[in-house]
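# Close look at the chain arrangement
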Amino acid sequence: MNQVGICAGLSRVQAVADAGADCVELAAASTLFPGDGGDAAWAIQRDTLLALPVPCETFNLFLPGDFRLVGANPTPPDVLRRYVFTAFRRARSVGGELIV
């Protein structure tokens, strides 16, 4: 089944739903809070995401701009690993199927 999804921020999800989209694609780095590790803040955000008028099955903008994978001063592997697994776990908990 083909679906129509629209990339948008949380403040525009109602407009996405009103436009007839099947789902919304949100920014992982700012929506899933994977870098701060705050479980209390995430619990509130998760409830917000689960109550959206359209599901968020796909996320974009996976890594924050201050993460460095190559070159001088790369992000430490343990920080990157924690971030990635937190993002994956949180995306899955709200129905996320893909992070691009």
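Heads up: these notes are all about the structure in this document. For every chain, the first residue of the written sequence is number 1, and numbering continues from 1 along that sequence. At least 70 in pLDDT is required for a residue's local features to be given in this predicted model, at least 80 for side-chain atom pairs to be given and counted, and no such filter applies to totals for whole chains, interfaces and linings, which use all residues. Note that the side-chain values use all heavy atoms of the structure and ignore hydrogens as well as water.

Per the secondary structure count, the protein chain includes four helices and four strands. Along the first, second and third principal axes, the C-alpha set of the protein chain runs to 45 × 30 × 25 Å. Here a residue-residue contact requires only that any non-hydrogen atoms of the pair lie within 4.5 Å. Excluding contacts between residues fewer than 6 apart, the proportion of contacts in the protein chain whose partners are at least 24 apart in sequence is 62%. A gap of 8 Å separates the mean positions of the 8 positive and 10 negative side-chain charges of the protein chain. Only DSSP runs of H or I with at least four residues qualify as helices, and only runs of E with at least two residues qualify as strands; both kinds are numbered from the N terminus onward. In summary, the charge assignment counts Lys and Arg as positive and Asp and Glu as negative, without counting His or the chain termini. Here the site of a charge means NZ on Lys, CZ on Arg, CG on Asp, or CD on Glu.

To define a nonpolar core, start from buried Ala, Val, Leu, Ile, Met, Phe, Trp, Tyr and Cys residues and group those joined through side-chain atoms within 4.5 Å. Think of it in three bands: with a 1.4 Å probe and only protein chains considered, a residue is buried below 20% of the maximum accessible area for its type, exposed above 50%, and partly exposed in between. Counting 21 residues, the largest nonpolar core has Val 24, Leu 26, Leu 32, Leu 49, Cys 56 and Phe 59 as its most contacted members. Within the residue set of this core, elements represented by two or more residues are helix H1 (13–18), strand S2 (23–27), helix H3 (39–50) and helix H4 (77–93). The element contributing the most residues to this core is H4, with four residues.

Quick look at H3 now. One turn of the α-helix equals 3.6 residues, which is why residues spaced by three or four share an orientation. Between the first and last residue of a helix there are one fewer steps than residues, each counted as 1.5 Å, and that sum is the expected span. The end-to-end C-alpha separation of H3 is 16 Å, in line with the 16 Å expected for 12 residues at 1.5 Å each. Within H3, burial applies to Trp 42, Gln 45 and Leu 49. An end-on view of H3 places all buried positions within 65° of arc, on one side of the element. Exposed side chains of H3 directed beyond 90 degrees from the buried face belong to Ala 40, Ile 44 and Leu 50. Tucked into the core, H3 has its buried residues touching S2, helix H2 (28–31) and H4. An arc is given here, and it is the one of the directions from the helix axis to the C-beta atoms.

As far as function goes, none of this settles anything; it's purely spatial.
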